[in-house]
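Observations on the model geometry
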Amino acid sequence: MSRTGLDIRFEGIGKVWPDGTRALEGVDLAIPAGQFCVLLGHSGAGKSTLLRCVNGLEIPSEGQVVIGGQPVNRQSLPALRRRIAMVHQHFGLVARSSGAANVMAGAVAQLPLWRVLAGIYPAALQRRACAMLEAVGLEEAHLRRRAEQLSGGQQQRLGIARAFMADPAIILADEPVASLDPALGREVLELLRAQASEHGATVLCSLHQLDLARAFADRIVALHRGRVIFDGPPEQLCERDLAVIYARAEPAPSFEPLPLREAV
Ligand SMILES: Nc1ncnc2c1ncn2[C@@H]1O[C@H](COP(=O)(O)OP(=O)(O)OP(=O)(O)O)[C@@H](O)[C@H]1O
Ligand SMILES: [Mg+2]
């Protein structure tokens, strides 16, 4: 089932929100197919915005994203989205649907609508779902329960199994281990890493855990106030870089004590 990944190029990406907040500025990056690239940066640095520009959930105000040589735009997005999967911090599952239905949802883009509506899935896809679930360490009992009845770790594994169902060329993972305990976090990153190294998928993953970024990334890109301030292999990231990456994003607000009113 291995497929070639797709390379991602960010060309002069900028993003300004309607309220004037600037989230990204002049981001130029070329991420080759099959690379496991981790985005680091303080809260509000622009990691999620950058990830979301890849699959068109956000539209850059400046520049363009190019995937496999194709600029991301309204015409190219429907076909590109079939090859891109996203893993969310808060899982993004349908809470009241069963684990099984949530995993199969990862393959709906490949199926004719009647099959999706009737819930009739080809046997090959069902076998694939079973293989994916085994790979992420879930059991049959988990599949029968509603997603909301699973623990955080089980829900995230379900989210990953769903993401892998379509054999994606690109995986966008936005803080995929934020809700997991450290051991489970490592397992989830191992799964993502294997998707890059064994199946050639290009993985772009935002993380807050520096130790995990160092252990798993082929490459670390650090953002600070929407700009790239470090780009290189984990071993090149030094204390001085970290001091800048995690420097306070905004100056602390100063609170002037209110003048006391005199008692009347
Ligand atoms: N929909 C929006 N409207 C206005 N501003 C937004 C919107 N989404 C994000 N922002 C702002 O854009 C900037 C970048 O946000 P983003 O969510 O990309 O940061 P992040 O690095 O993912 O942070 P975190 O680590 O907290 O998830 C922040 O200043 C944020 O407040
Ligand atoms: Mg974020």
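Residues numbered from 1 in each chain as written. Chains lettered and ligands numbered in written order. Predicted model: local features only at pLDDT ≥ 70, side-chain atom pairs only at ≥ 80, totals over all residues.

**Re the domain arrangement of the chain**
When the parts of a complex come together, some accessible area is lost, and that lost area is often taken as the interface size. Entries for the chain in the domain assignment read domain 1 (1-83 + 169-250) and domain 2 (93-167). One C-alpha centre belongs to domain 1, the other to domain 2; they are set 25 Å apart. Each side of the interface is counted separately: domain 1 has 12 residues, and domain 2 has 11 residues. Among the elements that take part in the side of domain 1 that touches domain 2, helix α8 (residues 182-197) stands out by supplying four residues, more than any other. Of the residues contributing to the side of domain 1 that touches domain 2, the split by class is seven nonpolar, two polar and three charged. (Domains from an automatic or database assignment. Contact = placed C-beta atoms within 7 Å. Helix = DSSP H or I, 4+ residues; strand = E, 2+ residues; numbered from the N terminus. Nonpolar A, V, L, I, M, F, W, Y, C, P; charged D, E, K, R; others polar.)

**Quick word on the site of ligand 1**
For ligand 1, the full set of nearby residues is W17, D19, T21, A23, G41, S43, G44, A45, G46, K47, S48 and T49. Taken together, the residues that form the shell around ligand 1 break down as three nonpolar, seven polar and two charged. (Near = placed C-beta within 6 Å.)

**Thoughts on α8**
Over its 16 residues, α8 runs 22 Å from end to end, which matches the ideal 22 Å to within 8%, given 1.5 Å per residue. Those residues of α8 not exposed but buried are G185, V188, L189, L191, L192, Q195 and A196. Axial view of α8: buried residues confined to an arc of 150°, hence all on one face. Set apart from the buried face of α8 by more than 90 degrees, the exposed residues are A183 and E190. On its buried face, α8 is in contact with β3 (36-40), α5 (123-135), α7 (152-165), β7 (170-174), β8 (202-206) and α9 (210-216). (Expected span 1.5 Å × (residues − 1). Buried ≥ 20, exposed ≤ 12 C-beta atoms within 10 Å, placed from the backbone. Arc of directions from axis to C-beta.)

**Comments concerning the pairing of strand β2 (residues 22-31)**
Where strand β1 (residues 8-16) lies against β2, six bridges are found, and the strand directions are antiparallel. In the sheet register, F10 faces β2, and the bridge partner there is L29. Once β1 ends, the chain turns through five residues before running back antiparallel as β2, passing G20 with a positive phi of about 95°. (Pairing = 2+ DSSP bridges.)

**Structural notes on the nonpolar core**
With 68 residues, the main nonpolar core has A161 and I171 as its most contacted residues. Element by element, the count of residues in this core is highest for α7, at six residues. Counting residues domain by domain, this core receives three or more from each of domain 1 (1-83 + 169-250) and domain 2 (93-167). Once you skip the residues sitting within four places of it in the chain, A161 turns out to touch V103, M132, L133, V136 and L138. (Core = buried A, V, L, I, M, F, W, Y, C linked by C-beta atoms within 7 Å.)

**Brief notes about the environment of R22**
The topology assignment puts R22 in strand β2. Considered as a pair, R22 and G226 are 204 residues apart in the sequence and their alpha carbons are 7.3 Å apart. Ignoring sequence-local partners within four residues, the contact set of R22 consists of V16 and G226.

**Looking at unusual backbone geometry**
Despite not being glycine, E175 shows a phi value in the positive range, around 45°. With respect to the helices and strands, E175 occurs in the loop between β7 and α8. Note on E175: 19 C-beta atoms within 10 Å, which makes it partly exposed. At R225, a residue that is not glycine, the phi angle is positive and equals roughly 50°. Along the chain, R225 turns up in the loop between β9 (219-224) and β10 (227-232). Given 17 C-beta atoms within a 10 Å radius, R225 is considered partly exposed.

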